[in-house]
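For reference, the chains in residue letters:
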Amino acid sequence: THDETMEDTQEIVNLIRTTADIHRIFPYAARRVIALRGTPAQVALSEWLFGQLDKPIGPHNAKTTAYEFPEPGGGVDAVRVFYLTHEETPQNIQEIVNLIRTTADIQRIYPYATRRAIALRGTLAQVELAEWVFGELDQSATPQANTTDAYEHAAPSGAGDAVRLFFFAQDKTPRDLQEIINLIRTTADIQRIFPYAARRAIALRGTPAQIALAEWLFHQLGAPASEQISPK
């Protein structure tokens, strides 16, 4: 109902297909129409998602919305739609999607750039981690010093992974961030690591020992040469 382009309509189709696992879905761009077919639970989720996306952009409706999706086996998946509150580019939005996918192991995640929205679906623990990451990144403030934000993620096995967000105060280029990621990945054996260049941030997840080494490396690489210290 808001003059979506053909590209917008296709993005909504891709988002619904990914989030609701619906394969029988197709757009008719000339009428801004989407037709789909699925189970009652899939269609109910699709209707909810459509209602969340077919809205004008404004601060009054930019709050995270939640939905509980019943799984055929009796479980429940958590579904969220996040709305970025700053003028992020499509590239920035895709970086946030990639970062959340990598850090929280969420495969059902897709952006809708026109509304600066990201929809995702996963276990409650995965979605809680994604909400924390999103809240930390959807900010405009630039840190005055190198900062670290911490989160403990509950794994299905009962163990837990440590999650960290590193923010660099100095002007790090996207190339700088990628070099730091390559260094940390190689040195600390951390595979779940991804940058968000717009905030000079790096997200990573690993064991407490891996994260401890990564934190030391972060402070070494982000500090001026005169402030770098030797490991204990």
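Everything numeric in this text was worked out from a predicted model, so none of it was measured.

Reading the values: the criteria
Residues numbered from 1 in each chain as written. Predicted model: local features only at pLDDT ≥ 70, side-chain atom pairs only at ≥ 80, totals over all residues. Heavy atoms only, no water. Pairing = 2+ DSSP bridges. Helix = DSSP H or I, 4+ residues; strand = E, 2+ residues; numbered from the N terminus. Axes fitted to C-alpha atoms, helices over the stretch in contact; angles between N-to-C directions. Parallel < 35°, antiparallel > 145°, perpendicular 65-115°, else oblique. Left-handed = near helix turned anticlockwise from the far one by under 90°. Contact = heavy atoms within 4.5 Å. Nonpolar A, V, L, I, M, F, W, Y, C, P; charged D, E, K, R; others polar.

Enquirer: Quick one: what's the story with the sheet that holds strand 3 (residues 65–70), residue by residue and with numbers?
Expert: Strand order in this open sheet of four strands is 3-4-6-5, and the pairing throughout is antiparallel. Two strands in the sheet have a free side with no partner beyond their single neighbour: strand 3 and strand 5 (108–112). In this sheet, neighbouring strand axes are inclined to one another by 15° on average, regardless of whether the strands run parallel or antiparallel. Strand direction decides the pairing type here: strand 5 and strand 6 (residues 117–122), joined by five bridges, are antiparallel. Each bridged residue has a counterpart across the sheet, and for Y110 the counterpart in strand 6 is A119.

Enquirer: So what's going on with the packing of helix 3 (residues 90–104) against helix 4 (residues 124–137)? Residues and values would help.
Expert: Their axes nearest at 10 Å, the elements helix 3 and helix 4 cross at an angle of 140°. When the interaxial angle is binned, helix 3 and helix 4 end up oblique. Read as a crossing pair, helix 3 and helix 4 show a hand that is right-handed. Here helix 3 contributes I96, L99, I100, T103 and A104 to the contact with helix 4, which in turn contributes Q126, L129, A130, V133, F134 and L137. Per-class residue counts for the contact of helix 3 with helix 4 are nine nonpolar, two polar and no charged.

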